[in-house]
2 protein chains.
Amino acid sequence: MTERKAFHVAVVGATGAVGQQMLKTLEERNFPISTLTLLSSPRSAGKAVIFKGQEYIVQEAKPESFENVDIALFSAGGGVSKELAPEAVKRGAIVVDNTSAFRMDENTPLVVPEVNETDLHHHNGIIANPNCSTIQMVVALQPIFETFGLKKVIVSTYQAVSGSGAQAVEELYEQTKAIIENEDFEPKILPVKSDKKHYQIAFNAIPQIDKFMDNGYTFEEMKMINETKKIMHLPELKVAATCVRLPVATGHSESLYFEVEKAGVTPEDIKALLQDAPGVVLQDDPQNQIYPMPADCVGKNDVFVGRIRRDLDEENGFHMWVVSDNLLKGAAWNSVQIAESLIKIGLVK
Amino acid sequence: MTERKAFHVAVVGATGAVGQQMLKTLEERNFPISTLTLLSSPRSAGKAVIFKGQEYIVQEAKPESFENVDIALFSAGGGVSKELAPEAVKRGAIVVDNTSAFRMDENTPLVVPEVNETDLHHHNGIIANPNCSTIQMVVALQPIFETFGLKKVIVSTYQAVSGSGAQAVEELYEQTKAIIENEDFEPKILPVKSDKKHYQIAFNAIPQIDKFMDNGYTFEEMKMINETKKIMHLPELKVAATCVRLPVATGHSESLYFEVEKAGVTPEDIKALLQDAPGVVLQDDPQNQIYPMPADCVGKNDVFVGRIRRDLDEENGFHMWVVSDNLLKGAAWNSVQIAESLIKIGLVK
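- Going by the annotation in an unreviewed UniProt entry, the name recorded for chain A is Aspartate-semialdehyde dehydrogenase, with Robertmurraya siralis given as the source organism.
- Chain A has a UniProt comment under Subunit (unreviewed entry) that states "Homodimer."
- UniProt's Function (unreviewed entry) comment on chain A is quoted here verbatim: "Catalyzes the NADPH-dependent formation of L-aspartate-semialdehyde (L-ASA) by the reductive dephosphorylation of L-aspartyl-4-phosphate."

Laid out in structure tokens, this is it:
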């Protein structure tokens, strides 16, 4: 048995919703850490965080913070990543970035280990972690594409507020409480903190995630479309998305319609495939009311798939329902999983 | 000016979620009522209900209850309609039935006045009111079909719990309160009261509305598919549906993908059309974050449409978001509207 190498790991955005899940995941996975550096914006610096029973004081992220860091996990917003990820790389770290800053950069691999782990070889210091709603979709679609080919995907999402951060979760609970107690409230965070208007999320559904582009799609929808094509190496794949925010704290759900290339595929073929697919748990037994739900997926790393059935008009068309914890496989776990892949492949110095 | 004729109206299921909205709607519309008879199951009989400031005692619905009734509005479950609607017709009443009992019966018109009011002429005593999620969809699709043709529709729904009745709404609020106060609870009603298992709806999404059929679709999904084809007189239309229950009290939302027949149609053409369509309110200005939401539609009779945009791959494909109060246009208002149409056309004796 060889000695297990350990690494100096930095977590940027350690106090955020995803950062907290990253620390929990690093702990649970017993990730080989020699030194742990916790970094944040000036606003959150100075806070104490417990990791493996030990207290760490979160420090303000600066270029010098990355001296001697081997692996830096970024999840503190696109602006922080754009400024500091290159500084970390310059100092010899490999960056796994959970923001959208580098996702569509052609020199940056965008990686979901179950789908395109080998893209890690082409990294230039930064690996981008895809958007949460994209990750769970491609984990479910990749085995189908590999075996039956894939022509077209139309997805409608049912997304949890934790995708908008810890403040949005607080807003959901506070609004809910106010409505139940018949008190007034003023929406301040959702759908998008930096956008002009804010709307009630409790007992509501908001068809806006991220801001709108000129083509009538939101950035979230375009992320799902563009990132899916990049991760799956299918620039010609037809992908359409409608992204909707729900009064759910954690767990994204997706209603997917897709068409395969191969003729004669049955729902049973797809179920058999997904039963053994990496990162996928099949929960598909309608007669016994077995199907995935966000309330059941919280705290789990897997992508849950069910309600697989044939379209009644298109011979090669199918429908399915995909659920995952947006903070884990959608963010923290996929980032840590990328770091584990990098170590396994030998890409961390 | 001619004297306005008034009618003996019976409401069956007067104490239920939809029945209560029917009474409210009859009151608001100042429906021409000479006598009002309120009926229910034996369980709810004896309850007092206020209509236009006057107290009515709800009576047990029996065949004899329909003597001298001109118009009977049924919303007390399919079993009650199957048993008593023919009895009401036998006694000379015209029945508007809000249950699924006669919807697919070939001798019963299934009517949404904005779409197929003329089908009322072919009635045999009973007119069926469609499923709530179907109604709002066809109101939005009919003008598009009439002007540009329609080939295909794929819908994913975001449905409110009041579609499952008043008990389901209570369950949503009680569970929500329990979760916020960190107390235990036991799901008893949703997703389907009479099905084997019950699941948490608060802060969750359940991909089951009504029971499952052998083909993997729920009855709700098949209702949307079959009723749409019947109402629009388009047996060959391709329709697919995935129906999902949300922690929203009232207001169904739908994410629609559709393909038109005509080439060269733009989102602006569709918006211009829906701007003037009967029963439709266009709320579509993404740059100012204007789009329909369930929280905004409650208590309104209209169907709200927004987020109309071109599919990025299919030249004739579009996406849109359709929201309506499931208890009003989805049930009570459409039923009363059918009754108003019957009077207008002269079909009530």
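What follows continues from the structure just given.
## Here we look at a negative patch on the surface
- A cluster of acidic residues, E181(A), E183(A), D184(A), E181(B), E183(B) and D184(B), forms a negative patch on the protein surface.
- With respect to the element layout, E181(B) can be found in the loop between α5 (166-180) and α6 (219-231).
- For E181(B), a relative accessible area of 41% gives the class partly exposed.

## As for the sheet that holds strand β6 (residues 71-74) of chain B
Residues and elements named next belong to chain B.
- Ordered in space as β5-β2-β1-β6-β7-β8, the six strands form an open sheet in which the pairing is parallel. Sheet topology places β5 (59-60) and β8 (126-128) at the edges, where each strand pairs with a single neighbour.
- Sheet topology places strand β7 (residues 94-97) next to β8; three bridges connect them, and they run parallel. Bridge pairing in β8 links V95 to I126.

## A few points about the relation of the copies chain A and chain B
- Taken as rigid bodies, chain A and chain B are interconverted by a rotation of 180° and an axial shift of 0.0 Å, the fit giving an RMSD of 0.0 Å. Within this description, the copies of the chain are treated as partners about a two-fold rotation axis.
- Here 100% of the contact residues of chain A are again contact residues in chain B; the copies associate through an equivalent surface.

## Let's talk about the UniProt feature "binding site: phosphate" (unreviewed entry) in chain A
All names here are of chain A.
- The residues that UniProt annotates with the feature "binding site: phosphate" (unreviewed entry) are R103.
- Looking at where R103 falls in the secondary structure, it is placed in the loop between β7 (94-97) and α3 (113-116).
- Residue classification places R103 among the buried residues on the basis of a relative accessible area of 5%.
- Apart from the residues lying within four places of it in its own chain, the contact partners of R103 are N98, T108, L110, A128, N129, P130, N131, K223, E227 and K230.
- There is a polar contact of 2.8 Å between the side chain of R103 and the backbone oxygen of N129.

## A few points about the domain arrangement of chain A
Residues and elements named next belong to chain A.
- You can read the domains of chain A as domain 1 (7-130 + 331-345) and domain 2 (134-325).
- Here domain 1 and domain 2 have C-alpha centroids that lie 25 Å from each other.
- Counting residues at the interface gives 18 residues for domain 1, matched by 16 residues for domain 2.
- Counting each side, the surface lost to burial between domain 1 and domain 2 is near 1,500 Å², with a carbon and sulfur contribution of 66%.

## Brief notes about the state of the cysteines
Residue and element names in this part refer to chain B.
- Scanning the entire structure with this criterion turns up zero disulfides over all chains.
- C132 takes part in no disulfide bond, and the closest cysteine sulfur, belonging to C243, lies 8.8 Å away.
- Note on C297: no disulfide assigned, nearest cysteine sulfur contributed by C132 at a separation of 12 Å.

## Examining the UniProt feature "binding site: substrate" (unreviewed entry) in chain A
All names here are of chain A.
- In the numbering used here, UniProt assigns the "binding site: substrate" (unreviewed entry) feature to Q159 and R245. What stands out for the annotated residues spanning 87 residues is how close their C-alpha atoms remain, the widest pair being 4.8 Å apart.
- Within the secondary structure layout, Q159 lies in the loop between β9 (152-158) and α5 (166-180).
- Assessed through its relative accessible area of 1%, Q159 is described here as buried.

## A closer look at the pairing of β6(B)
Residue and element names in this part refer to chain B.
- The two faces of β6 match: I71 and L73 on one face and A72 and F74 on the other face are all buried.
- Alignment of strand β1 (residues 7-12) against β6, held across four bridges, turns out to be parallel. Note that in β6 the partner of V12 across the bridge is F74.
- As defined by bridge partners, β6 adjoins β7 across four bridges and the pair is classed as parallel. Within β7, the position partnered with A72 by the bridge is V95.

## Here's the deal with the interface of chain A and chain B
- Counting from both sides, the interface comprises 66 residues of chain A and, opposite them, 66 residues of chain B.
- Here chain A packs against chain B, burying approximately 5,600 Å² in sum over the two surfaces, 56% of which is carbon and sulfur.
- The largest contributions to the chain A side of the interface with chain B come from F203(A), Q289(A) and R307(A), which together make up 12% of the buried area.
- Where chain A touches chain B, the interface holds ten salt bridges.
- R309(B) serves as the salt-bridge partner of E221(A), at 3.8 Å between the closest nitrogen and oxygen.

## A few points about helix α4 (residues 132-148) of chain A
Residue and element names in this part refer to chain A.
- The end-to-end C-alpha distance of α4, which contains 17 residues, comes to 25 Å, matching closely the 24 Å that a straight helix rising 1.5 Å per residue would cover.
- Of all bends in α4, the biggest is about 35°, found at L141, and the proline P143 comes one to four residues later.
- Burial analysis of α4 places 14 of its 17 residues in the buried class, which makes it a mostly covered element.
- Immediately downstream of α4, the backbone of G149 shows phi near 75°, a positive value.

## Some details on the sheet that holds strand β14 (residues 317-324) of chain B
All names here are of chain B.
- Read across the open sheet, the six strands follow the order β10-β9-β11-β14-β13-β12; overall the sheet is mixed. Looking at which strands have only one partner, the edges of the open sheet turn out to be β10 (238-242) and β12 (280-282). When strand polarity is set aside, the average angle formed by the axes of neighbouring strands in this sheet is 25°.
- Alignment of strand β9 (residues 152-158) against strand β11 (residues 252-259), held across seven bridges, turns out to be antiparallel. Each residue of the ladder has a partner; that of Y158, found in β11, is S253.
- Packed on one face of the sheet, helix α4 (residues 132-148) meets β9, β10, β11, β12, β13 (303-310) and β14 and runs near 40° to β11.
- Against the sheet, α6 engages β9, β10 and β11, with an angle of about 155° to β10.

The rules behind each value
- Residues numbered from 1 in each chain as written.
- Chains lettered and ligands numbered in written order.
- Predicted model: local features only at pLDDT ≥ 70, side-chain atom pairs only at ≥ 80, totals over all residues.
- Heavy atoms only, no water.
- UniProt positions renumbered as here; feature names shortened; annotations may be inferred.
- Patch = residues over 30% accessible without salt bridge, like charges linked within 9 Å, V, L, I, M, F, W, Y side chains within 5 Å.
- Areas by Shrake-Rupley, 256 points an atom, 1.4 Å probe, with all protein chains shown as cover.
- Salt bridge = Lys/Arg side-chain N within 4 Å of Asp/Glu carboxyl O.
- Lys, Arg positive; Asp, Glu negative; His and termini not counted.
- Charge placed at Lys NZ, Arg CZ, Asp CG, Glu CD.
- Helix = DSSP H or I, 4+ residues; strand = E, 2+ residues; numbered from the N terminus.
- Buried < 20%, exposed > 50% of the residue type's maximum accessible area, 1.4 Å probe, protein only.
- Pairing = 2+ DSSP bridges.
- Least-squares fit on C-alpha atoms with pLDDT ≥ 70 in both.
- Contact = heavy atoms within 4.5 Å.
- Polar contact = N/O pair within 3.5 Å; in protein donor to acceptor, adjacent residues only side chain to side chain.
- Domains from an automatic or database assignment.
- Buried area = accessible area lost by both parts, 1.4 Å probe.
- Disulfide = S-S within 2.5 Å.
- Expected span 1.5 Å × (residues − 1).
- Bend = angle between axes of the 7 residues up to and from the residue.
- Axes fitted to C-alpha atoms, helices over the stretch in contact; angles between N-to-C directions.

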